[in-house]
Amino acid sequence: MSDAVDEVLGRVGGEVAVRAERLWQTAMALHADPECSFAEHHAAELLSGELEREGFTVERGLAGLPTAFAARAGTGPRPAVALLLEYDALPGLGHACGHNLIAAAGLGAALAARAALGDAPGTVWAVGTPAEEGGGGKVIETDAGVFDDLDAALMFHPGVHDWQWAPLTAQTQYRVGFHGRAAHPTGNPTEGIDALAALIQLFNTLAVVERRLPAGSHIQGIVTDGGRATNIVPEYAEGLFGLRAATTFGLEDLAGELLTCAHGVARATDTTVTVERATPRYEHFRDSRVLSARFAHHLAHAGIELTPPEPGVFLGSSDIGNVSGRVPAIHPFVAIMTSEGSDHTPEFATAASSERGRRVMLAATEALARTTVETLLSADLRDRAWSEHELNVSVRA
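Treat the numbers as computed from the prediction; the structure is a model and nothing was measured.

Criteria and thresholds
Residues numbered from 1 in each chain as written. Predicted model: local features only at pLDDT ≥ 70, side-chain atom pairs only at ≥ 80, totals over all residues. Heavy atoms only, no water. Helix = DSSP H or I, 4+ residues; strand = E, 2+ residues; numbered from the N terminus. Rg over C-alpha atoms; globule rule 2.2 N^0.38 Å. Buried < 20%, exposed > 50% of the residue type's maximum accessible area, 1.4 Å probe, protein only. Contact = heavy atoms within 4.5 Å. Areas by Shrake-Rupley, 256 points an atom, 1.4 Å probe, with all protein chains shown as cover. Lys, Arg positive; Asp, Glu negative; His and termini not counted. Charge placed at Lys NZ, Arg CZ, Asp CG, Glu CD. Pairing = 2+ DSSP bridges. Right-handed = clockwise from strand over helix to strand, strands pointing away. Polar contact = N/O pair within 3.5 Å; in protein donor to acceptor, adjacent residues only side chain to side chain. Expected span 1.5 Å × (residues − 1). Core = buried A, V, L, I, M, F, W, Y, C linked by side-chain atoms within 4.5 Å. Phe/Tyr/Trp six-rings, centres within 6.5 Å; stacked < 30°, edge-to-face > 60°. Salt bridge = Lys/Arg side-chain N within 4 Å of Asp/Glu carboxyl O. Axes fitted to C-alpha atoms, helices over the stretch in contact; angles between N-to-C directions. Parallel < 35°, antiparallel > 145°, perpendicular 65-115°, else oblique. Nonpolar A, V, L, I, M, F, W, Y, C, P; charged D, E, K, R; others polar.

(A) Quick peek at the overall build of the protein. A count of helical and extended segments in the protein gives 11 helices and 12 strands. Relative to its length of 397 residues, the protein is compact, with a C-alpha radius of gyration of 24 Å against a globular reference of 21 Å. On the principal axes, the C-alpha backbone points of the protein span a range of 85 × 40 × 40 Å. When burial is assessed residue by residue, the protein has 54% of its 397 residues classed as buried. Contacts in the protein between residues far apart in sequence, at least 24 positions, make up 80% of those at least 6 positions apart. Looking at the protein as shown, the accessible area adds up to about 15900 Å², and 52% of this sits on carbon and sulfur atoms. Side chains of the protein carry 29 positive and 50 negative charges; the gap between the two charge centres is 2 Å.

(B) Structural context of the pairing of strand β4 (residues 122-128). The element β4 is largely enclosed, with a buried count of 7 among its 7 residues. Residues G122, V124, A126 and G128 line one face of β4 and the alternating positions T123, W125 and V127 line the opposite face, and both faces are buried. Bridge count for strand β2 (residues 69-75) against β4 is 7 bridges, and the pairing is antiparallel. Directly across from A71, in β4, lies its bridge partner A126. One ladder, built from 6 bridges, connects strand β3 (residues 80-85) with β4; its direction is parallel. Of the residues in β4, the one forming a bridge with L85 is G128. Note that the unit made of β3, helix α3 (residues 99-117) and β4 has a crossover that is right-handed.

(C) Spotlight on the side chain of E86. As for its position among the elements, E86 is in the loop between β3 and α3. Within the local environment of E86, its side chain forms a polar contact with the side chain of H99, the two groups lying 3.2 Å apart. Of note is the side chain of E86, whose polar atom sits 2.6 Å from the side chain of K138. Beyond its immediate chain neighbours, meaning those up to four positions away, E86 contacts H99, I102, A103, T129, E132, K138, M155, H157, S318 and D319.

(D) Here's a closer look at helix α7 (residues 289-300). Taking 1.5 Å of rise per residue, 12 residues should cover 16 Å, and α7 covers 16 Å from first to last C-alpha, within 8% of that figure. Where α7 is concerned, the buried positions are V290, L291, S292, F295, A296, H298 and L299. Lining the buried residues of α7 we find β5 (152-154), β11 (329-330), β12 (333-335), α10 (355-377) and α11 (379-394).

(E) Inspection of the pairing of strand β7 (residues 170-179) at higher detail. The element β7 is extensively covered by neighbouring structure, given that 7 of its 10 residues are classed as buried. For β7 and strand β9 (residues 236-245), the ladder comprises 10 bridges, and the chain directions are antiparallel. The residue bridging A170 from the neighbouring strand is A245, located in β9. Note: β7 against strand β10 (residues 272-277), 6 bridges, orientation antiparallel.

(F) View of the nonpolar core. Residues L51, F156, F295 and L368 are the most contacted members of the largest nonpolar core, which totals 69 residues. With 12 residues, the single largest contributor to this core is α3. Ignoring anything within four residues of it in the chain, the contact list for L368 reads L83, A105, A109, L154, M155, F156, F295 and I330.

(G) The packing of aromatic side chains, seen in detail. Using the criterion set out here, one finds 2 aromatic pairs in the structure. Aromatic side chains F69 and Y87 sit 6.1 Å apart centroid to centroid with 5° between the ring planes, which places their arrangement in the stacked category. Placement of F69 in strand β2 and of Y87 in the loop between β3 and α3 is noted, with a sequence separation of 18 residues between them. Across the pair, Y87 and F69 agree in class, each one buried. Between F203 and F241, the aromatic rings sit 5.0 Å apart at their centres with planes inclined by 45°, giving tilted as the arrangement.

(H) View of the pattern of salt bridges. Under the criterion given, the structure shown has 24 salt bridges. Taking the shortest distance from any N to any O, the salt bridge between R228 and D225 comes out at 2.9 Å. Through salt bridges that share partners, E15, R19, R22, E50, R53 and E54 make up one connected network.

(I) Examining α3 more closely. Its 19 residues give α3 an end-to-end C-alpha distance of 27 Å, which sits within 8% of 27 Å, the value for a rise of 1.5 Å per residue. Among the 19 residues in α3, 18 count as buried, and that is most of the element. Immediately downstream of α3, the backbone of G118 shows phi near 60°, a positive value.

(J) Structural detail: the sheet that holds β7. With antiparallel pairing, the 4 strands of this open sheet are ordered in space as β8-β9-β7-β10. Of all strands in the sheet, those with a lone pairing partner are β8 (218-225) and β10, marking the two edges. Each neighbouring strand pair of the sheet contributes to a mean axis angle of 20°, computed without reference to strand direction. Together, β7, β8 and β9 form the strand contacts of helix α5 (residues 195-210), whose direction differs from that of β9 by roughly 20°.

(K) Focus on the sheet that holds β2. Across the sheet, 6 strands lie side by side as β1-β2-β4-β3-β5-β11; this open sheet has mixed pairing. Each of the sheet's edge strands pairs with one partner strand only, and the pair in question is β1 (57-60) and β11. Lying over the sheet, α10 contacts β3, β4, β5 and β11, oriented at roughly 160° with respect to β3.

(L) Representation of the packing of α7 against α11 in the model. The N-to-C vectors of α7 and α11 enclose an angle of 130°; their axes lie 8 Å apart at closest approach. Judged on the interaxial angle alone, α11 and α7 are oblique. Contacts from R289, V290, L291 and R294 in α7 reach L381, R384, A385 and E388 in α11. Among the residues forming the contact of α7 with α11, the class breakdown is 4 nonpolar, no polar and 4 charged.

This is the structure in structure tokens:
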């Protein structure tokens, strides 16, 4: 990097430091008032208000979502880098995924980067992305073209590992309904067509299919409608099936398997079947190794060393995958508790308001801000990130 870039980078730490207490207060305010998917009204107003107070232009109701927003500050449309803010909580568990820390870090990184840049060219975005835990705010924003004019999308995620990137699978859910014919199981049993029996057969068929699925793929189903009474042959039965695969292409293949099995069971049981996608599709995450390496380099200054993830380990799915299909993106994990723990637990919610959580949030804030500055000021870094990105999205495996 040039001396001019180093000079801007040198200002980032101070900009984070002067905002540190306010950022932690923001994280704790979100933690104390957890709001679930698409209902994050207080969170969206709190975060967008902080950005507005520091001179960002805020667009609320982004992509038709009342709790989404985009805040921008800088010169010209490009280059442009977005910090992604997640702030939805889990029902009954609050911020057991640490989204309060993600939001505060993204907020702080956007503010610090823009302040450090001064008159340097480039635009910093802060994008509020609701409903990561269910509903896929980033999916909706991606489909609306929110990320089309960006050069990078950056965020971090608190976790139980210090990993440079996130092994996140593709996932979606399908609703499968079987239609049969009601009858009395004693009075006229031969007149009935048992829809529940067909649904159970689908579960059994998928259990056989699952034995040969590759690593990272699985199908998990539940019965959502199994009939109304034991003295009526069920004329309708319905299941909800969650599908995950290591890649988006693998998820498409798995959905095809589900469809084939469902229609095969329907033919075998003389039922009819309907199959429909019940949730947005989360794509698998495509890491920008070029930019993740820069984040890891900067985070190391805080004494946190990131490593590649353990081979064969998958940590779930996220709608950041859809963003990573459009623009170079990073999603490192930084531990706020030991690897014996797990997110989506009460213990993780406690960790998201702990002193370690505070230290990690501030360290990630500075690393994100520094990565933002480098990306905006280095055409070479952007070119390398885009070249890698084009390769990532073209590879089927």
